[in-house]
Structure formats: structure tokens, C-alpha cells
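# Structural features, examined
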Amino acid sequence: MELTSEVLLDESGLRVVAQNDGGAAGLFDRPNVRVGVERWDSARLESVEGSVLITIPPHAAAMPELHVASAVATVTDERLASADTLVAFIRGYRIDTDLYEVAPDFAERIPYDPALGYTSQGLGIQLGAPAVEGDDIRFAVQARNSLGLSDRADMNEAMSEATTWVRVDYLLVGAFGRSHGARAAAEYTLSYATFGQNTVHEHADPSAQEATVTGEPGLPNGLLGLTGFDFWLNVPGRIDPSCVEVHAMDGIASGPGRYVTELSVRLWDPQYEPGSGRATAKVDMMLSNSSNFTEVGNVCLGLRGEVGLLQFGGAARSSSFETDTVELPLSRGLPHTFDALFDEL
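Throughout what follows, the structure given in this document is the object of discussion. (Residues numbered from 1 in each chain as written. Predicted model: local features only at pLDDT ≥ 70, side-chain atom pairs only at ≥ 80, totals over all residues. Heavy atoms only, no water.)

## Points about the packing of aromatic side chains
For clarity, the threshold we go by: Paired rings are identified among Phe, Tyr and Trp, the last through its six-membered ring, by centres lying within 6.5 Å, and are further divided according to the angle between planes into stacked (under 30 degrees), edge-to-face (over 60) and tilted (the rest). Type-normalised accessible area, obtained with a 1.4 Å probe on protein chains alone, sets the label of each residue: buried when under 20%, exposed when over 50%, and partly exposed for intermediate values. Helix and strand assignments follow DSSP, with helices taken as H or I runs no shorter than four residues and strands as E runs no shorter than two, numbered in order from the N terminus.
Summed over all chains, the structure comprises 7 aromatic pairs. An angle of 40° between the planes, with centres 5.7 Å apart, marks the rings of Tyr112 and Tyr118 as tilted. The exposure classification of Tyr112 matches that of Tyr118, with both residues buried. Measuring from ring centre to ring centre gives 5.0 Å for Phe139 and Tyr170, while their planes differ by 90°; the resulting arrangement is edge-to-face. Separated by 31 residues along the polypeptide, Phe139 in strand β10 (residues 136–147) and Tyr170 in strand β11 (residues 164–175) bring together distant segments of the chain.

What follows is the structure in C-alpha cells.
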């Protein structure tokens, strides 16, 4: 699974990269992709794109909170290192389940191909605050990919021995002159009792999605971006306790894990008040297993989206862009790219 974008060399738009294999059923998928960005132009800003690959070691599938690992991103950039305020935003991600240099230990014992992936109990990415250390800029990057037992005995058996990899793509932004960085989060739960086929999972009410960031008064510009997100799926203590997890099957091949058919994080309706330094934005998040085939159970979600605010002075221009919904071709195992030009959006 992958969704990321990078600015074209001539800065005329974005190159979007996306992939969704869907395991053995991926041959029937028609994945849809949509990406939104906000473009800023200011002499007070500088940025650089980068990525870090995080390896998440095996853990018991019944312990979704342990499927997490961290790394440190290091950027060497003389210009950015002299910035007065630095913020790292999430630019995209990729999840892999078969980057083994040699076959995994379970390969001869369990007849399961790790390239087919695993059912999920959620995932998350969190970026720390950047700090200058000598000539380098460093910040923590945490990724979680919680594997969850579901309807295939061979997959369930391999899951507790599975290593997964999450590549986190980031945009490091520096502001020069008087500037300030701050964060806040929107947290909410969503509960769905029914399941079967083509179940409709409504997104949260906009009022629940809102995050309010308190900045410094008097700075004329406020840039907002995503600094973290967490999806918890059927994980006790992370969901509404009144939402009861239900499976379609009983016995060894059943559990709280789900096949993911929608995963979205949308930062929208950004508002900034220069006088007070207060900013708001809505974080619309959804993880769904709605399917034309059989849905193996219902969905109980705990959601958290963290918003970072970068305030700065001087003249600046900003504009929002959102690509059309693009339907990817059927080529399991291959990422696909398309270019979205700003003047065509």
C-alpha cells in the first residue's frame, strides 16, 4: 500500500504515486486515489522532501499496540539549519510486508506468502519536533502497523512472526525571521454495528473533526499540515466501549482484523487568525472494510489526527489544490504514477 506525492522539478505540480495490492483479491480491485495540497510561496520559507524506512519487528497479533517502531530522520541542509522555526509534515507513506533479504523463518512451516499482506487493526504515523544538531536537522519518526487476526488460518499463523516495513515520507519546512510552531489534535470515535456487503460507513460530523491550534499573536501567516495520525480498529481502550466487535465466523479463523478498502486522512477548512495566532482545521479520517465481497466483521474505530501550525511573517501567497479522483489500473505489485498540474486543478 502506498500513497505519496512529490513536487515536480519545474514546480508546476505534483507527481502522485499510489499502490493498493489488496492481497490475493487485489486482481479484482479498482483502487481510487485523491490527493489535496496547499501551495505556499514566500521568501521566508524553505523546504526539503525526504523519507525514512522503519522496520516493525514481529509481535503477537493479539497485541496491536506493540506493532510499532521508531527511527530518526536526519537532514543535512545548510540553509534549513539556519531557519528560526522548523516543522516536519507528513507527505505520504508506503507499507510493505515482503522486504525480506532472505525467506522469513516461517516460510517452510506456514504455507503463506507474506507478499499477500495481512489484515489490519489500524496504523499510525507520528513526526516529532525537528531540532538542529551541528550541521544536521533531526526529528523522531514513529510508525505503527497493527496486524489483526481474521478469516484465514494460514495468514493468522504467519502474522505473529511477520515483519513489516513502513516508509514515511515527510516535508521539512523552515521559516526565517519571527516565527513559531505549535500543534493540536482532533480525536474521535466512530462505531458501525452492521456488516455484510457494500456497508456504508459515514464519516464523522465536521464538528468532531475540528482541531484548534494556539499560536503566538501577531504573526500574519499560518501554514497548517499533518504531523501525525492514528487509526485504531477494534482495539479495546481505543474505541467507544459501547461498540461491540462482531465476526462473521467462529473458530480459529476469526478475529478483530479487517480487510481495508478505504483509508483516508483529509485536512480541510483551514482557518487562521493573525491577531490571536489561533488556527483551526478539520481532520476527516476513515478506515473502512466496505466491500462488494463478504465483509468479515463490523468496524469500531478510534481516530486521532494531529495538526501542525507554522507561523511566519512577511508577504506570502497560498492556494489549495485537490486532484480529481483517479482510478488506478489493475497491475498488482506495481506502483502507479500520475502528474497533477496546478494550473489544471
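## A few points about the pairing of strand β14 (residues 221–233)
Condition: Pairing between strands is defined by DSSP: at least two bridges between the two strands are required.
With respect to burial, β14 is a largely interior element, 13 of its 13 residues being buried. Pairing of strand β8 (residues 120–127) with β14 involves 3 bridges; the strand directions are antiparallel. What sits directly across from Ile125, in β14, is Phe229. Bridge count for β14 against strand β17 (residues 299–312) is 12 bridges, and the pairing is antiparallel. Looking at β17, one finds that Phe231 is bridged to Leu303.

## A short note on the environment of Val7
Worth spelling out the cut-off: Whether two residues touch is decided by their heavy atoms; if any such pair falls within 4.5 Å, the residues are in contact.
Mapping Val7 onto the fold places it in strand β1 (residues 2–7). A residue is classified by how much of its surface remains accessible, and Val7, at 40% relative accessible area, is partly exposed. For the pair formed by Val7 and Asp339, sequence separation is 332 residues and the distance between their alpha carbons is 9.6 Å. Residues in contact with Val7, not counting those within four places in the same chain, are Gly13, Leu14 and Glu49.

## Re the nonpolar core
Definition in use: Buried Ala, Val, Leu, Ile, Met, Phe, Trp, Tyr and Cys residues form a nonpolar core when they are joined through side-chain atoms within 4.5 Å.
Core analysis: the biggest nonpolar cluster contains 52 residues, and Leu127, Val168, Leu172 and Leu301 have the highest contact counts within it. Those residues in contact with Leu301 that sit more than four places away from it in its chain are Tyr188, Thr189, Leu190, Tyr192, Trp232, Leu233, Ile239, Met286 and Leu287. Counting residues in hydrophobic clusters, the runner-up holds 10 residues, among them Ala61, Tyr112, Tyr118 and Ala162.

## Side note on the state of the cysteines
Two cysteines joined by a covalent bond between their sulfur atoms form a disulfide. Put simply, the rule reads: Any two cysteine sulfur atoms lying within 2.5 Å of each other are counted as a disulfide.
Scanning all chains against the criterion turns up 1 disulfide. Between the sulfur atoms of Cys243 and its disulfide mate Cys300 the distance is 2.1 Å. The disulfide joining Cys243 to Cys300 has a torsion of about -80° about its S-S bond and is therefore left-handed. With Cys243 in the loop between β14 and β15 (262–273) and Cys300 in strand β17, this pair connects stretches of sequence that are 57 residues apart.

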